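Chain residues, written in single-letter form:
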Amino acid sequence: MPDTAFDPQTSAAVLTMARQGRTPRPFDLPTALRPQNAAQAYAVQDAVVRERGEVAGWKVGAASPDALPARAALTRDSVWVAQAPHAGEAAVHLPAAGFAVLGVEAELVYELGTDLPPRETPYSAAEVHAALVSVRAAIEVCDTRFAAWARQGEWSRLADQACHGALVVGTGTADVAAVQPLAQGVDLWVNESVAVQHARWGNPAGDPLRLLAWLANEGAHSLGGLRAGQWVTTGSCTGTVLVAPGTRVVADFPGLGRAELVFD
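These numbers come from a predicted model, not from an experiment.

Bringing the sheet that holds strand β4 (residues 92-94) into the picture now. On the basis of which strands lie adjacent, the open sheet formed by 5 strands has the order β4-β13-β12-β8-β9 and mixed pairing. Sheet topology places β4 and β9 (193-198) at the edges, where each strand pairs with a single neighbour. Adjacent strand axes in the sheet meet at a mean angle of 15°, parallel and antiparallel pairs treated alike. As paired elements, β4 and strand β13 (residues 257-263) share 3 bridges and run parallel to each other. If you follow V92 over to β13, its bridge partner there is L261.

As structure tokens, this is what we get:
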């Protein structure tokens, strides 16, 4: 039976007003408006996303190769796709003042070339793979609409778009079949120093295709499924590194691509 006691719209309004600066940032959602499970958290998250606008992508991840994935929809106002380098400058510039927290992660992001709408018969891994048209390097900026970082319970954080701030999509390849993510190395540079380096895949979720299939078959249904042109970023390969305003961040996936971000 539907949960008639919990009000996701009011919970979402608290987060939206905090993001817009119309109210002070709370330390957590009020007790009566605090989600108690994943279904309630997604109901709040979906309400937040519908208020923000068009879905341009998704983030999906899991704590281990066997753990149930979790997702957040990303709206157009928080997704930045780097243009071709001009005069040696390939970085996306974002104002540091637009974020409460500057947490950065190197991630692999997949571009969808085909709609994968909700359907009764689950999509096979092969169907999901065939819907992908590129794999690229990405930087996710982790942020919060709360007054303190990572002090809330998991359902409050999931409701808050799973701590999403921005997604910067860099360069990569259209040869999706050639990419071997579990063998892929990654370097996360902060200014001129390597902050995190993995010779092989550092993502605890394991194979990202499992995450993509779950998103197509379950995770994205409440917002209409996956659509051509959307980006799906598949979780951190480096953990979250907190940085300061003025920092240049580079996510380098050797042999594949790189994403660059400057916090102005």
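In this section: the nonpolar core. Ranked by internal contacts, the top residues of the largest apolar core, which has 72 residues, are W58, F253 and F263. Ranked by size, the runner-up nonpolar core spans 8 residues in total, among them L74, A138, L167 and V169.

By the secondary structure assignment, V243 is in the loop between β11 (241-242) and β12 (248-253). If we skip the residues at most four places from it in the chain, V243 touches L102, V104, V190 and F263.

Let us now look at the packing of aromatic side chains. All told, the structure shown has 1 aromatic pair when counted by the stated rule. Between F99 and F263 the ring centres are 5.9 Å apart and the planes differ by 85°, which places this aromatic pair in the edge-to-face class. Here the residue F99 occupies a position in the loop between β4 and β5 (103-112), and F263 occupies one in strand β13, the gap between them amounting to 164 residues. You'll find F99 and F263 in the same group, each marked buried.

The next thing to look at is the pairing of strand β6 (residues 132-142). Most of β6 sits out of view: 9 of its 11 residues are buried. In this structure, β5 lies alongside β6, joined through 10 bridges in antiparallel fashion. Considered in β6, the bridge of V104 is made with V141. Bridge count between β6 and strand β7 (residues 164-173): 7 bridges; the pairing is antiparallel. By the bridge assignment for β7, R136 is matched with G172.

Procedures and definitions
- Residues numbered from 1 in each chain as written.
- Predicted model: local features only at pLDDT ≥ 70, side-chain atom pairs only at ≥ 80, totals over all residues.
- Heavy atoms only, no water.
- Pairing = 2+ DSSP bridges.
- Helix = DSSP H or I, 4+ residues; strand = E, 2+ residues; numbered from the N terminus.
- Axes fitted to C-alpha atoms, helices over the stretch in contact; angles between N-to-C directions.
- Core = buried A, V, L, I, M, F, W, Y, C linked by side-chain atoms within 4.5 Å.
- Buried < 20%, exposed > 50% of the residue type's maximum accessible area, 1.4 Å probe, protein only.
- Contact = heavy atoms within 4.5 Å.
- Phe/Tyr/Trp six-rings, centres within 6.5 Å; stacked < 30°, edge-to-face > 60°.

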